[in-house]
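Coordinates in review
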Amino acid sequence: MHLPLPEFLHEVDGEIRPVGHRVGLSQLLWFYREGYTAEMLFEQFPTLSMALIHKVLAFYWEHRTAVDAYLDGVQARVAA
């Protein structure tokens with residue numbers, strides 16, 4: 001499944017990341033799916049701006065099925 005990425009996300013070595021950051025989309029959304037709020041994510045990842053966190057979360061909700069499939073794939077690779 002192809003996931004169209006907005007200008008603030010890119011793929012590096014098979015991992016989707018915010019442009020200019022080493023934090024992976026899978027890391028950020030793992031915490032979010034565990035119940036972290038945007039403010040808690042900002043505390044956890046202080047190199048990300050609050051605006052960027054909100055953009056990432058909006059992207060997640062707009063493309064939830066595709067992003068969840070991507071996250072499942074990441075989880076499967078980690079578990080292997």
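Residues numbered from 1 in each chain as written. Predicted model: local features only at pLDDT ≥ 70, side-chain atom pairs only at ≥ 80, totals over all residues. Heavy atoms only, no water.

**A closer look at the overall build of the chain**
- Each helix and strand in the chain was counted, giving 4 helices and 2 strands.
- Traced from its N-terminal end to its C-terminal end, the chain shows the element sequence β-β-α-α-α-α.
- On C-alpha atoms alone, the chain measures out to a radius of gyration of 12 Å, which is about the 12 Å that the 2.2 N^0.38 rule sets for 80 residues.
- Dimensions of the chain, computed from C-alpha atoms along their principal axes, come out at roughly 30 × 25 × 25 Å.
- Out of the 80 residues in the chain, the part that is buried amounts to 39%.
- In the chain, of all internal contacts separated by at least 6 residues, the share reaching a separation of at least 24 is 46%.
- When the accessible area of the chain is evaluated, it comes to approximately 5100 Å², of which 55% is carbon and sulfur surface. (Helix = DSSP H or I, 4+ residues; strand = E, 2+ residues; numbered from the N terminus. Rg over C-alpha atoms; globule rule 2.2 N^0.38 Å. Buried < 20%, exposed > 50% of the residue type's maximum accessible area, 1.4 Å probe, protein only. Contact = heavy atoms within 4.5 Å. Areas by Shrake-Rupley, 256 points an atom, 1.4 Å probe, with all protein chains shown as cover.)

**Some remarks on helix H4 (residues 64-79)**
- For H4, which comprises 16 residues, the first-to-last C-alpha distance of 22 Å matches the rise-based estimate of 22 Å (1.5 Å per residue) to within 8%.
- Every buried residue of H4 is accounted for by Ala66, Val67, Asp68, Tyr70, Leu71 and Val74.
- Those residues of H4 that are buried lie in contact with strand E2 (15-18), helix H1 (25-33) and helix H3 (50-62). (Expected span 1.5 Å × (residues − 1).)

**A closer look at the pattern of salt bridges**
- Taken as a whole and judged by the stated rule, the model has 3 salt bridges.
- Taking the shortest distance from any N to any O, the salt bridge between arginine 64 and aspartate 68 comes out at 3.4 Å. Here arginine 64 and its partner aspartate 68 are both found in helix H4, 4 residues apart, which amounts to about one turn of the helix.
- You can call arginine 64 partly exposed: its relative accessible area is 39%.
- Bridged by salt links that share partners, the residues Arg33, Arg64 and Asp68 form one connected network. (Salt bridge = Lys/Arg side-chain N within 4 Å of Asp/Glu carboxyl O.)

**Quick notes on the packing of aromatic side chains**
- The final tally for this structure, using the stated rule, is 5 aromatic pairs.
- Arranged with centres 4.9 Å apart and planes meeting at 70°, the rings of phenylalanine 31 and tyrosine 36 form a pair that is edge-to-face.
- Judged by relative accessible area, which is 17%, phenylalanine 31 ranks as buried.
- Between the aromatic rings of tyrosine 60 and tryptophan 61, the centroid separation amounts to 5.4 Å while the plane-to-plane angle is 65°, which identifies the pairing as edge-to-face.
- Residue tyrosine 60 is classed as buried on the basis of its relative accessible area of 2%.
- Clustering of aromatic rings is evident, with ring pairs tying together Trp30, Phe31, Tyr36 and Phe45. (Phe/Tyr/Trp six-rings, centres within 6.5 Å; stacked < 30°, edge-to-face > 60°.)

Everything listed here is a matter of geometry and, on its own, says nothing about what the molecule does.
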